Amino acid sequence: MEYRNITIGDHDQLSALWKSIPGMGLRSLDDSRAGIEKYLRRNPTTSFAAVDNEKIIGCILGGHDGRRGFIYHTCVHPDHRGKGVGSRLVKLCCDALRAEGITKCALVCYSSNECGNDFWRSQGWELRKDLHYFNLSLDENNT
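None of the values given here were measured: they were computed from a predicted structure.

### With respect to the environment of Leu14
Along the chain, Leu14 falls in helix α1 (residues 11–20). Each residue touching Leu14, except ones within four places of it in the same chain, is listed here: Ile6, Ile56 and Cys59.

Given below as structure tokens:
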């Protein structure tokens, strides 16, 4: 198993992995090749892939705005779960964010995603009940 930074050359494999995971919440523009390329240009050192025999079996998109870190699209193929892959990806991402001076990180996980919510709790993440999450689409084509 190899862990390395994600590059835009990984997009096809990432997209296939994301589409194989129920409830990933993909967006047509944000998760397109151009959207991911833009994200990786802004955050070149904080997103990671777990690679087994040249196939991406897990990933985490991590980045920051200079103040707070954010994590997106964390997943591990079901055949590779329970082996520490997700934990290792989270550690790599958080360590990379710390190295860039980021002191706090956030993520969104659908409340119906029991597997994901259980994972984040197991990693020591705190569920905030004092916030409301608001969303506004700035481009009606981003479905």
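Next comes the rest of the write-up.
### A short note on unusual backbone geometry
The backbone of Asn53 sits at a positive phi, close to 50°, despite the residue not being glycine. By the element assignment, Asn53 lies in the loop between β2 (48–52) and β3 (55–64). Even without glycine at this site, Glu54 takes up a positive phi of about 70°. The topology assignment puts Glu54 in the loop between β2 and β3.

### Quick notes on the packing of aromatic side chains
Here the structure, examined in full by the defined rule, presents three aromatic pairs. Ring geometry for Tyr39 versus Tyr72: centroids 5.8 Å apart, planes at 90°, classification edge-to-face. Taken together, the residues Tyr39 in helix α2 (residues 33–42) and Tyr72 in strand β4 (residues 69–76) connect sequence positions 33 residues apart. Tyr39 sits in the buried class, given a relative accessible area of 18%. Ring pairs connect the aromatic residues Phe119, Trp120 and Trp125, which therefore count as one cluster. Above the ring of Tyr3, the side-chain terminus of Arg88 is found at 5.6 Å from the ring centroid.

### Here's the deal with the nonpolar core
Judged by nonpolar contacts, the single largest core of 17 residues is most densely connected at Phe48, Ile60 and Leu89. Put simply, the parts of the chain that give this core at least two residues each are β2, β3, β4 and α3 (85–99). Element by element, the count of residues in this core is highest for α3, at eight residues. Beyond its immediate sequence surroundings of up to four residues, Ile60 is in contact with Ile6, Ser47, Phe48, Ile71, Tyr72, His73, Thr74, Leu89, Val90 and Cys93.

How each quantity is defined
- Residues numbered from 1 in each chain as written.
- Predicted model: local features only at pLDDT ≥ 70, side-chain atom pairs only at ≥ 80, totals over all residues.
- Heavy atoms only, no water.
- Helix = DSSP H or I, 4+ residues; strand = E, 2+ residues; numbered from the N terminus.
- Contact = heavy atoms within 4.5 Å.
- Phe/Tyr/Trp six-rings, centres within 6.5 Å; stacked < 30°, edge-to-face > 60°.
- Buried < 20%, exposed > 50% of the residue type's maximum accessible area, 1.4 Å probe, protein only.
- Lys NZ or Arg CZ within 6 Å of the ring centre and 35° of its normal.
- Core = buried A, V, L, I, M, F, W, Y, C linked by side-chain atoms within 4.5 Å.

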